[in-house]
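Chains, contacts and geometry: an overview
These are the residues of each chain, in order.
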Amino acid sequence: MTQAMHLILVIEDEPGIRAVLRVLLEAENYRVIEAGSAERGEIEARTHKPDLLLVDLGLPDDDGLALIRHVRAWSPVPVVVLSARTMESQKVAALDAGADDYVTKPFSAAELLARVRAGLRRASRGADSLPLLSLGETHIDLTRRVASGPGGAVHLTPLEYRVLDCLARQSGMIVTSRQLLREVWGPDRVGDSGALRVCVKGLRDKLERDPRRPQFLVTEAGIGYRLRPGDLDDE
Ligand code: CA
């Protein structure tokens, strides 16, 4: 399937920003439909079944957060949130409500398009096919749970594999600490950020060339982590 097939729904109340987004996206051969309110957005989403939603968190009628919750109730469509710098807490709430990633306004075209590509890739990959992961010189088979680097076999613990697995399913996209804790440790451990930090440190020690300056397992301060495999085209 070519990129020309992809339909993107932009839900944003400011016509100027909608116009900019349309120009950017159409230049990449995406088709674009627009909505200026959350209510309209949900109608368009149901009617046109877009491949990806770009949702402004500051909408007039209903907030973008409620829209994301509604849409998540019936669709796994990738959702990328547009948020103002001042909306840090809503951003985390949006990710926890099921948004896949966010872009902070004012955004760069390159960043926005990278998030869109990562979202579409996540959707086309589906839930069950896991990629063989290459992080620099380390190659990881997430299904068989074996890893090897230049120095031979790399031993990862079951927890480390599960965290990596979770991040790899949304490769290139942010995963909140809460999501990681819920999926790997379970719903009663979502507050245990210490356990997650220890696990991430273990992964970095084994996978990163310089664990203090991670290239692959990147921290998104106050929100969570993002896996950036070197072979993706969105850097
Ligand atoms: Ca707005």
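Look a little higher up for the structure.
Presented here is a report on the structure given in the accompanying data block. (Residues numbered from 1 in each chain as written. Predicted model: local features only at pLDDT ≥ 70, side-chain atom pairs only at ≥ 80, totals over all residues. Heavy atoms only, no water.)

**Structural notes on helix α5 (residues 109-125)**
Put simply, the rule reads: Elements are defined by DSSP. Helices are runs of H or I of four residues or more, strands are runs of E of two residues or more, and each kind is numbered from the N terminus. Each helix should span, by expectation, one fewer than its residue count multiplied by 1.5 Å. Throughout this description, buried means an accessible area under 20% of the type-specific maximum (1.4 Å probe, protein chains only), exposed means over 50%, and partly exposed covers the range between.
The terminal C-alpha atoms of α5, which comprises 17 residues, lie 24 Å apart, in line with the 24 Å expected from a rise of 1.5 Å per residue. Considered for burial, the residues of α5 that qualify are L112, L113, A114, R115, V116, A118, G119, L120 and R122.

**Remarks on the side chain of T176**
We count it as follows: Two residues form a contact once any of their heavy atoms are found within 4.5 Å.
Positionally, T176 belongs in strand β10 (residues 174-176). Look at T176 and you get buried, because its relative accessible area is 1%. Not counting residues up to four positions away in its chain, the partners in contact with T176 are L95, D96, I223 and G224.

**With respect to the pattern of salt bridges**
Side chains bearing opposite charge may pair, as long as their charged atoms lie close to each other. Short version of the rule: Salt bridge criterion: a side-chain nitrogen from Lys or Arg within 4 Å of a carboxyl oxygen from Asp or Glu.
Scanning all chains against the criterion turns up 20 salt bridges. A salt bridge links E26 to R22, with the nearest nitrogen and oxygen atoms 2.7 Å apart. Residue E26 and its partner R22 are both found in helix α1 (residues 15-27); the two are separated by 4 residues, about one turn of the helix. Overall, the relative accessible area of 26% leaves R22 in the partly exposed class.

**A few points about the packing of helix α7 (residues 177-185) against helix α8 (residues 193-207)**
So the rule is basically this: Note on geometry: axes are C-alpha line fits, over the in-contact stretch for helices, and angles between N-to-C directions span 0 to 180 degrees. Each angle gets one of four labels, with under 35 degrees taken as roughly parallel, over 145 as roughly antiparallel, 65 to 115 as roughly perpendicular, and the rest as oblique. Any residue that is not Ala, Val, Leu, Ile, Met, Phe, Trp, Tyr, Cys, Pro, Asp, Glu, Lys or Arg is counted as polar, Gly included; the first ten are nonpolar and the last four charged.
At a closest axis distance of 10 Å, the pairing of α7 and α8 adopts a crossing angle of 85°. Taken together, α7 and α8 sit at an angle that is classed as roughly perpendicular. Of α8, the residues touching α7 (which contributes S177, L180, L181 and W185) are S193, A195, L196 and C199. Along the lines of polarity and charge, the residues of the contact of α7 with α8 split into 6 nonpolar, 2 polar and no charged.

**Here we look at the coordination of the calcium ion**
In an ideal octahedron of six donors the angles at the metal are 90 or 180 degrees, and in an ideal tetrahedron of four donors they are 109.5 degrees. Let me state the cut-off plainly: The donor set covers N, O and S atoms within 2.8 Å of the metal, switching to 3.2 Å for Na, K and Ca, and it leaves out water, so a site may look short of donors.
Donor atoms from the polypeptide that bind the calcium ion are D13 (OD), D56 (OD) and G58 (O), placed at 2.2 to 2.4 Å. Taken in chain order, the donor set of the calcium ion reads D-x42-D-x1-G. On the criterion of sequence distance, the pair formed by D13 in the loop between β1 (7-11) and α1 and D56 in strand β3 (residues 52-56) is long-range, its members being 43 residues apart. Relative accessible area serves as the criterion here: at 27%, D13 is assigned to the partly exposed category.

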